[in-house]
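The primary structure of each chain is shown beneath.
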Amino acid sequence: MKISRGELLRLGLAGGVTLALGGSACSGSGEGSTGTLLPSKAKLPELFEVPLPVPPVLELARTEAGADYYEITQKVGRVEILPGLQTEIWGYDGIFPGPTLESRTGRMTIVRQRNELPVPVSTHLHGGRTPPGSDGYPTDSIPPKNMAHGHSRSGHGSTGMDGSRHSKDYIYPLEQRAATLWYHDHRMEFTGPQVWRGLAGFHIIRDEEDDALPLPKGEKDVPLMICDRSFDENGSFLYPSLDRSLQGKAGVEGDYMEGVLGDTILVNGAPWPVLEVSNTKYRFRILNASNARRYELALEPGNRAPFVQVGSDGGLLGAPILHSTIRIAQAERFDVVIDFSKYDVGTEVTLKNRMGRGKTTSVMRFRVVRKEKDDSAVPGRLSDMAEFHRLAESGGGRTREFRFTRVADSGRTMWGINGEPFDPGRMAARPELGSTEVWHLRAAPAAHPIHLHLVHFKVLSRNGRKPLPTDAGWKDTVDLTSGEEARVLIRFDGFRGRYVFHCHNLEHEDMMMMANFEVV
Ligand SMILES: [Cu+2]
C-alpha cells in the first residue's frame with residue numbers, strides 16, 4: 001500500500017509529527033488536553049477489529065441485616081490488550097476495568113477491598129456521598145502484605161472485619177439518586193500510575209425513578225469507560241514514573257508533569273473496539289477515565305445532534321439535551337442515548353474524538369447489523385429535579401475563591417490551589433453541614449477538571465456567562481480549560497468530616513493540586 005506524505009500527516013502516522021505534537025513545543029496543549037504525548041514502542045493495533053468488552057457485574061458476596069456485602073481483591077492480572085502481547089495490569093479482581101457494581105439507592109453497600117498488590121492502595125468511590133472514613137482519603141490507605149508497618153496515617157479507616165490489615169471495609173450508604181459512579185485508586189502521590197495500570201471500575205446506582213423511564217435497558221444500557229494508554233515493546237503499559245516499582249520516589253519524568261497522554265484509545269479496556277448494534281436506541285454511560293486526556297466526542301456519519309444526553313455526573317437531567325459533540329474531561333460522565341434507527345443496516349458509525357490527532361481521532365465503532373423492534377423512548381421530562389431547582393444562588397452562604405495554578409515548593413515546580421501544594425494537615429474550607437456556598441474556581445495556565453468529593457453541585461456561570469450545555473445537571477467535576485473560570489453552587493450535606501477537592505488531571509493531583517475541606 002502506498003501512502004503519500006500528505007496522507008501520513010493527515011493520519012498522524014509520520015513519527016516526527018506525533019513526537020512534535022507531544023514535545024515541549026506544544027506541551028501544555030497536547031491534543032486539546034494539558035499533557036505530553038508518550039509514544040508507544042509497541043506496534044499499535046488496527047482500528048475497529050476487536051469486540052467491545054463489557055465488564056462483568058460483581059456478584060453479591062452476601063446479604064445481612066439489610067446490607068449488601070461485596071468483596072474485591074486488588075491484584076496483578078495478565079490480559080491481552082494488544083493482539084499477541086500480554087499486558088500486566090493491576091486490577092480490581094485482577095481485571096481492567098474492574099467488575100461493575102450495581103446498587104440500589106439507599107441500600108447499604110459494604111465493599112471489602114483486599115490488597116494483594118505490592119503497594120498501598122486507597123479506593124475512592126467517585127460521585128459517592130460517602131462517610132469520610134470510607135471515602136478513600138489519599139493517606140487512608142490499605143498497606144500491602146510486604147510492608148511490615150501500616151501506611152494508614154490518617155487513622156480513621158476501619159481495617160477489614162476479618163482482622164486483616166490488608167483489607168478494608170468501605171461503607172457506602174448510597175443515600176443518593178441513581179447515577180453512574182466509578183471507583184478508582186486514590187493513593188497519595190501515586191494515583192496517576194495506579195489508575196493507569198488498571199485500578200478503575202464502574203459503580204452504577206439505580207432507583208425507581210430511573211427504572212420507571214422507558215429508556216433503553218438491559219443489554220442496551222452499556223457503560224463505556226474511555227481512556228488512553230501507551231505500551232512498551234513487550235506489551236506492558238508505559239508510564240514515565242521516576243520509580244517504576246511505585247514503592248519509592250513519587251512523580252514523573254520532566255515534561256510529563258503537565259500530564260501523561262497515551263496514544264492508544266481503549267474503551268472498556270480494548271483498543272478502538274467495535275460494538276454490533278441493532279437499528280434501535282441504546283443508552284451509553286460514557287466515562288472519561290483518562291489521566292490527562294480530554295475528548296470532544298462526535299459521531300460519523302452523524303446528524304445534527306446525535307447525542308441525546310439524559311444524565312450527568314449526578315444522575316438524570318430534568319429534560320434531555322441534544323448535543324452535536326460532547327466535550328468530556330477526565331472523570332466526567334455523560335449518560336446519552338444514541339438512536340441507530342437513523343442508519344441503514346450495514347452502516348458503520350464511528351465515535352470520533354475531534355480533539356485527537358491521527359489514531360486518537362477515533363474512539364470506537366458501532367456496526368448496525370440488524371433490524372429490531374424498539375419499544376424504548378426518551379421522554380421529554382426525565383426527572384423533576386426539585387432539589388436542583390430549589391438550589392438558588394440567593395440562598396447561598398459564603399463565597400470562596402480557589403485558583404488552580406503552578407506553584408514552586410522548595411525550588412521544585414508543582415501544582416497547587418491558591419498558591420499552596422497539598423498538605424493533609426491544612427484545611428482550605430470549613431463549610432457547615434447543610435449550608436450552601438458559591439465556589440469560584442479559576443484555572444491557569446493549563447486545563448484543570450475540578451472534582452469535589454462528597455458533594456454534587458450546580459454550575460452557575462462559566463467565564464462570566466451562562467454555563468455550557470455540557471455543564472447541565474448535577475455535577476461533581478467541572479471541566480476548566482486554561483484561563484477559564486466557573487462559579488459553582490454547592491450544598492454541603494451528607495456527612496461531617498474531612499474530604500478533598502482536587503484537579504482530576506491525575507498527574508496534577510499527584511503533584512499536589514489538591515486541598516482539604518471539612519464539613520463541620
Ligand atoms: Cu490540573
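The structure we're discussing is the one just above.
Residues numbered from 1 in each chain as written. Predicted model: local features only at pLDDT ≥ 70, side-chain atom pairs only at ≥ 80, totals over all residues. Heavy atoms only, no water.

**Student:** I'd like a rundown of the sheet that holds strand 7 (residues 123–126), residues and numbers included.
**Tutor:** The sheet built from four strands is open, its strands ordered 5-10-9-7 with mixed pairing. The outermost strands of the open sheet, each flanked by one partner alone, are strand 5 (101–104) and strand 7. Taken pair by pair, the neighbouring strands of this sheet meet at an average axis angle of 25°, ignoring direction. Relative to strand 10 (residues 200–206), strand 9 (residues 179–185) runs antiparallel, the two sharing six bridges. Within strand 10, the position partnered with Ala-179 by the bridge is Ile-205. (Pairing = 2+ DSSP bridges. Helix = DSSP H or I, 4+ residues; strand = E, 2+ residues; numbered from the N terminus. Axes fitted to C-alpha atoms, helices over the stretch in contact; angles between N-to-C directions.)

**Student:** Describe the environment of Asp-471, naming the residues involved and giving the relevant values.
**Tutor:** Summarising the element assignment, Asp-471 is placed in the loop between strand 30 (457–462) and strand 31 (477–480). For the pair Asp-471 and Arg-129, spaced 342 residues apart in sequence, the C-alpha separation works out to 20 Å. With sequence-adjacent residues up to four places away left out, Asp-471 is seen in contact with Val-459, Arg-462 and Val-478. At a separation of 2.7 Å, a polar atom in the side chain of Asp-471 contacts the side chain of Arg-462. Here the side chain of Asp-471 touches Leu-468 through a polar contact of 2.8 Å, landing on its backbone nitrogen. (Contact = heavy atoms within 4.5 Å. Polar contact = N/O pair within 3.5 Å; in protein donor to acceptor, adjacent residues only side chain to side chain.)

**Student:** Pulling in residues and values, what's your account of the packing of aromatic side chains?
**Tutor:** On inspection of all chains with the given rule, the structure shows 21 aromatic pairs. Seen in terms of ring centroids, Tyr-170 and Tyr-172 are 6.3 Å apart; in terms of plane orientation they differ by 20°. Their pairing is stacked. Take Tyr-170: its relative accessible area is 0%, and that puts it in the buried class. Its relative accessible area of 4% is what places Tyr-172 among the buried residues. Taken together, the aromatic side chains of Phe-402, Trp-439, Phe-492, Tyr-499, Phe-501 and Phe-517 make up a single cluster linked through ring pairs. (Phe/Tyr/Trp six-rings, centres within 6.5 Å; stacked < 30°, edge-to-face > 60°. Buried < 20%, exposed > 50% of the residue type's maximum accessible area, 1.4 Å probe, protein only.)

**Student:** So, the environment of Glu-175: which residues are in play, and what are the values?
**Tutor:** Note that Glu-175 resides in the loop between strand 8 (167–172) and strand 9. On a C-alpha basis, the gap between Glu-175 and Arg-104 in space is 9.3 Å, while along the polypeptide they are 71 residues apart. Sequence-distant contacts of Glu-175, that is, excluding residues within four places in its chain, are made with Gly-106 and Arg-129.

**Student:** A description of the sheet that holds strand 31 should follow, citing residues and the corresponding values.
**Tutor:** Each strand in a sheet pairs with another by means of backbone hydrogen bonds, the pair being arranged parallel or else antiparallel. Pairing is mixed in the open sheet, where five strands are placed in the order 27-34-33-29-31. This sheet does not close on itself; its edge strands, each paired only once, are strand 27 (427–429) and strand 31. Here the strands of the sheet are splayed against their neighbours by 30° on average, with no regard to which way each runs. Here four bridges tie strand 29 (residues 448–452) to strand 31, and the two strands are oriented antiparallel to one another. Bridge pairing in strand 31 links His-451 to Thr-477.

**Student:** I'd like to hear about the pattern of salt bridges, residue by residue, with values.
**Tutor:** A side chain of one charge can pair with a side chain of the opposite charge if their charged atoms are brought near each other. Counted under the stated rule, the structure contains 37 salt bridges. The partner of Glu-372 in a salt bridge is Lys-220, and the shortest N-O contact between them spans 2.5 Å. With Glu-372 in the loop between strand 24 (362–370) and helix 5 (386–390) and Lys-220 in the loop between helix 4 (208–212) and strand 11 (221–231), the pair connects residues that are 152 residues apart, well separated along the chain. Residues joined by salt bridges that share partners form a network here, namely Glu-102, Arg-206, Asp-210, Asp-221, Arg-283, Arg-285 and Asp-335. (Salt bridge = Lys/Arg side-chain N within 4 Å of Asp/Glu carboxyl O.)

**Student:** Describe the coordination of the copper ion, and please don't skip the residues or the numbers.
**Tutor:** Coordination of the copper ion by the protein involves His-448 (ND1), Cys-503 (SG) and His-508 (ND1), with metal-donor separations of 1.9 to 2.1 Å. Mapping the donors of the copper ion onto the primary sequence gives the spacing H-x54-C-x4-H. Within this pair, whereas His-448 is found in strand 29, its partner Cys-503 is found in strand 33 (residues 497–503), the two being separated by 55 residues in sequence. The same class applies to His-448 as to Cys-503, namely buried. (Donors = N, O, S within 2.8 Å, 3.2 Å for Na, K, Ca; no water.)

**Student:** Please set out the pairing of strand 32 (residues 485–491) residue by residue, giving values where relevant.
**Tutor:** Taken together, the seven bridges between strand 28 (residues 436–443) and strand 32 define a ladder with antiparallel strand orientation. Bridging from a neighbouring strand, Arg-442 pairs with Glu-485 of strand 32. Examined bridge by bridge, strand 30 and strand 32 share five bridges and lie antiparallel to one another. Bridge pairing links Arg-462 to Ala-486 in strand 32.

**Student:** Pulling in residues and values, what's your account of the side chain of Asp-493?
**Tutor:** By secondary structure assignment, the location of Asp-493 is in the loop between strand 32 and strand 33. With sequence-adjacent residues up to four places away left out, Asp-493 is seen in contact with Arg-129, Glu-387, Leu-433, Gly-434, Leu-454 and Val-455.

**Student:** Mind laying out the nonpolar core, listing which residues take part and the relevant values?
**Tutor:** By size, the foremost hydrophobic cluster in this structure holds 32 residues, and its most contacted members are Ile-226, Phe-284, Leu-297, Phe-340, Leu-351, Met-364 and Phe-366. For this core, the element with the highest residue contribution is strand 24, accounting for four residues. When residues no more than four places from it in sequence are discounted, the contact partners of Leu-297 are Ile-226, Ile-286, Phe-307, Ser-324, Thr-325, Ile-326, Ile-328, Leu-351, Lys-352 and Val-363. By size, the runner-up hydrophobic cluster in this structure holds 30 residues, among which are Phe-404, Ile-417, Ala-446 and Met-511. (Core = buried A, V, L, I, M, F, W, Y, C linked by side-chain atoms within 4.5 Å.)

**Student:** Please provide a residue-by-residue account of unusual backbone geometry, values included.
**Tutor:** For the bond running from Phe-96 to Pro-97, omega is -5°, close enough to zero to count as cis. Mapping Pro-97 onto the fold places it in the loop between strand 4 (87–92) and strand 5. Phi angles above zero are rare outside glycine, and Trp-272 is one such case at about 40°. Looking at the element boundaries, Trp-272 is found in the loop between strand 15 (270–271) and strand 16 (274–278). Here Trp-272 falls in the buried class, since its relative accessible area comes to 0%. Positive phi, close to 50°, is recorded for Asn-418, a residue that is not glycine. Here Asn-418 lies in the loop between strand 26 (412–417) and strand 27.

**Student:** So what about the environment of Phe-422? Which residues, and what values?
**Tutor:** Structurally, the position occupied by Phe-422 is in the loop between strand 26 and strand 27. Phe-422 gets classed as buried once you look at its relative accessible area, which sits at 7%. Residues Phe-422 and Met-512 lie 90 residues apart in sequence; the distance between their C-alpha atoms is 4.7 Å. With residues up to four places along the chain from it excluded, the contact list for Phe-422 reads Tyr-137, Pro-138, Met-188, Val-500, Met-512, Met-514, Ala-515 and Asn-516.

**Student:** So what's going on with the side chain of Lys-168? Residues and values would help.
**Tutor:** Within the fold, Lys-168 resides in strand 8. Taking relative accessible area as the criterion, Lys-168 reaches 3% and is therefore assigned buried. A polar contact is formed between the side chain of Lys-168 and the backbone oxygen of Gly-133, at a distance of 2.7 Å.

No statement about biological role is implied by the geometric values presented.
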